Amino acid sequence: MIRKRILAAAAALLLLTGCTGRKNTDTGMVNYEAYFHAVESNAKFEESSRYYTLSTEMNAMPDGTYRYYVIVDDPQIAMYEIKVLAVEKDATFEKSVKMMPSSGILDDAVAMIPGQVNSEGGFVKGIALSGECTEPQITLSVLVAWKDKNGQKETREFLTVTAAVEEAQAGS
């Protein structure tokens, strides 16, 4: 079930990536840094949201590394201009040697509305982020930000999740 959700979200994300333009790189990097610092400086993280489902999965790769997925889907409210950033625990912007997975920050933001999907129009079923690490378990600090329909009010949620290789998969 989870794999089907990841594949569906990844397919939607690939379609979305192919259909959207890129933001100005300088503006995107300024925004990326601002969101990264927001995660770094936040003191309180929730484990779930009442507005959407946040889930993870992790797979072992043939080269001995691990790929983790962070999935935001099943919206309970209309969410516009969604931005998501997943920061590996204890990573700092100044010392980070790799880009953290994001959506809507370096590329065009999308919207999620309960029961509505129109990828070409920017209304997606879910958002899937993907990153790589060297350990079979990782804790992530996730920022999910979105605006209301009128673009007037921005809501930000800071969550913490753990992605881990399932035991049956770890041995294979």
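Relevant structure appears above.
Residues numbered from 1 in each chain as written. Predicted model: local features only at pLDDT ≥ 70, side-chain atom pairs only at ≥ 80, totals over all residues. Heavy atoms only, no water.

Q: What is the right way to read the overall build of the protein chain from this model?
A: Scanning the protein chain from terminus to terminus reveals three helices and eight strands. Seen in sequence order, the protein chain has helices and strands lined up from the N terminus as α-α-β-β-β-β-β-β-β-β-α. Taking all 172 residues of the protein chain together, the buried fraction comes to 41%. A separation threshold of at least 6 residues defines the contact pool for the protein chain, and within that pool the share at least 24 residues apart is 71%. (Helix = DSSP H or I, 4+ residues; strand = E, 2+ residues; numbered from the N terminus. Buried < 20%, exposed > 50% of the residue type's maximum accessible area, 1.4 Å probe, protein only. Contact = heavy atoms within 4.5 Å.)

Q: What's the story with the environment of L143 in this structure? I'm lost.
A: Secondary-structure assignment places L143 in strand β7 (residues 137-147). Each C-alpha atom, one on L143 and one on V87, is 8.4 Å from the other, the two residues being 56 residues apart in sequence. Contacts of L143, omitting those with residues within four sequence positions, involve Y35, A38, V39, K83, V84, L85, R156, E157 and F158.

Q: Before we go on, may I ask you to explain the sheet that holds strand β1 (residues 53-60) in this structure?
A: To summarise the sheet geometry, strands pair through backbone hydrogen bonds and adopt either a parallel or an antiparallel arrangement. With respect to topology, three strands assemble into an open sheet ordered β1-β2-β6, the strand pairing being antiparallel. Single-partner strands in this sheet number two, and they are β1 and β6 (126-133). With strand direction ignored, the average angle separating the axes of adjacent strands in the sheet is 20°. (Pairing = 2+ DSSP bridges. Axes fitted to C-alpha atoms, helices over the stretch in contact; angles between N-to-C directions.)

Q: I tried to follow the pattern of salt bridges on my own but got confused; where do I start?
A: Side chains that differ in sign of charge can pair as their charged atoms come close. Applying the stated rule across the entire model yields five salt bridges. With a shortest N-O distance of 3.4 Å, R156 and E154 are connected by a salt bridge. You can call E154 partly exposed: its relative accessible area is 36%. (Salt bridge = Lys/Arg side-chain N within 4 Å of Asp/Glu carboxyl O.)

Q: When you look at the nonpolar core in this model, what are you seeing that I'm missing?
A: Across soluble globular proteins, nonpolar side chains have a tendency to be buried as a group. Ranked by size, the top nonpolar core spans 27 residues in total, and within it Y52, V142 and V144 carry the most contacts. Here this core gets five residues from one element, more than from any other, and that element is β7. Beyond its immediate stretch of four places on either side in the chain, V144 contacts Y52, V72, M79, I82, K83, V84, T155, R156, E157 and L159. With twelve residues, the next largest nonpolar core counts F36, A38, I105 and A145 among its residues. (Core = buried A, V, L, I, M, F, W, Y, C linked by side-chain atoms within 4.5 Å.)

Q: In this structure, what is going on with unusual backbone geometry? I would like to understand it.
A: Outside of glycine, negative phi angles account for most residues, and trans bonds account for most peptide bonds. Of note, E81 is a non-glycine position whose phi angle comes to about 50°, a positive value. Looking at where E81 falls in the secondary structure, it is placed in strand β3 (residues 79-88). Among the residues examined, E81 registers a relative accessible area of 37% and is labelled partly exposed. Its identity as a non-glycine residue notwithstanding, D90 has a phi of 70°, on the positive side.

Q: What am I meant to see in the packing of aromatic side chains here?
A: The relation between two aromatic rings is expressed through the spacing of the ring centres and the mutual angle of the planes. If you walk through the whole model with that rule in mind, you get seven aromatic pairs. Relative to W146, the ring of Y51 lies with its centre 5.5 Å away and its plane at 65°, an arrangement referred to as edge-to-face. In this pair, Y51 sits in the loop between α2 (25-41) and β1 while W146 sits in strand β7, placing the two residues 95 residues apart along the sequence. Both residues of the pair, Y51 and W146, belong to the buried class. (Phe/Tyr/Trp six-rings, centres within 6.5 Å; stacked < 30°, edge-to-face > 60°.)

Q: Teacher, can you tell me more about the environment of K98 here?
A: Locating K98 in the fold gives a position in the loop between β3 and β4 (102-103). C-alpha of K98 to C-alpha of E132: the two residues are 34 residues apart in sequence and 9.8 Å apart in space. Sequence-distant contacts of K98, defined by excluding residues within four places in its chain, comprise Y32, E88, E132 and C133. A distance of 2.8 Å separates the side chain of K98 from the side chain of E88, its partner in a polar contact. (Polar contact = N/O pair within 3.5 Å; in protein donor to acceptor, adjacent residues only side chain to side chain.)

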